[in-house]
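Close look at the chain arrangement
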Amino acid sequence: MKKFMLTMIAAMTMSLAMAQNPSDGRPMNHPEPMTVEQITTQMQNKLGLTDEQFAKVKALNEKYADILKGHQGMRGQRPPRMENMDNSEQPQMTEEMKKMMEEHRAKKQAYENELKGILSSSQYTTYQSMMPKHGHRGPAEGNDK
């Protein structure tokens, strides 16, 4: 009985240790953002880019690095808490936020258009299937409700 209890305590301790966050303090569901080089290398591996395409895609990715890395400036900002608000007080998107969103959308479209000119049609189709669908957040993106 004593061995059984020690085994159970050891198993529980191990499971608690495994559930802890990594040593750098970041939650596991928020990995470090990829660098432009990592993104370009991943595109080369998954799309089978030629050397010429790789050079062009690398230059394009460096040009549009800000949209590839996401909204670094917006990270950590949250909308006002909605606990004590009624429906008439729900936070609205500010004009500045709308302008930033529109600028980002325009840059993203320009990136897509230039990329489409570099890749073959089959490579571009593969690229589109690699990209996350906006508006749908699955468990991999941290929204597993």
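The present account deals with the structure reproduced in this document. Since this is a predicted model, take the numbers as computed values, not measurements.

Helix-helix packing is described using two parameters, namely the angle between the two axes and the distance between the axes. Between helix H3 (residues 51-63) and helix H5 (residues 95-118), whose axes approach to 10 Å, the crossing angle comes to 175°. It follows that H3 is roughly antiparallel to H5 by the angle criterion. For the pair formed by H3 and H5, the contact residues are Gln53, Lys56, Val57, Leu60, Asn61 and Lys63 on the first element and Tyr111, Glu114, Leu115 and Ile118 on the second. In terms of residue class, the contact of H3 with H5 is made up of five nonpolar, two polar and three charged.

Attention now moves to the nonpolar core. Ranked by size, the top nonpolar core spans 14 residues in total, and within it Met43, Val57, Tyr111, Leu115, Leu119 and Tyr127 carry the most contacts. Elements supplying a minimum of two residues to this core: helix H2 (36-47), H3, H5 and helix H6 (121-130). With residues near it in sequence (within four places) discarded, Met43 still touches Gly48, Leu49, Val57, Asn61, Tyr111, Leu115 and Tyr127.

The terminal C-alpha atoms of H5 lie 35 Å apart, and with 24 residues this matches the ideal 34 Å at 1.5 Å per residue to within 8%. Here H5 has its buried residues at Tyr111, Glu112, Leu115 and Ile118. In this structure, the buried residues of H5 make contact with H2, H3, helix H4 (65-68) and H6.

The rules we used
Residues numbered from 1 in each chain as written. Predicted model: local features only at pLDDT ≥ 70, side-chain atom pairs only at ≥ 80, totals over all residues. Heavy atoms only, no water. Axes fitted to C-alpha atoms, helices over the stretch in contact; angles between N-to-C directions. Helix = DSSP H or I, 4+ residues; strand = E, 2+ residues; numbered from the N terminus. Parallel < 35°, antiparallel > 145°, perpendicular 65-115°, else oblique. Contact = heavy atoms within 4.5 Å. Nonpolar A, V, L, I, M, F, W, Y, C, P; charged D, E, K, R; others polar. Core = buried A, V, L, I, M, F, W, Y, C linked by side-chain atoms within 4.5 Å. Buried < 20%, exposed > 50% of the residue type's maximum accessible area, 1.4 Å probe, protein only. Expected span 1.5 Å × (residues − 1).

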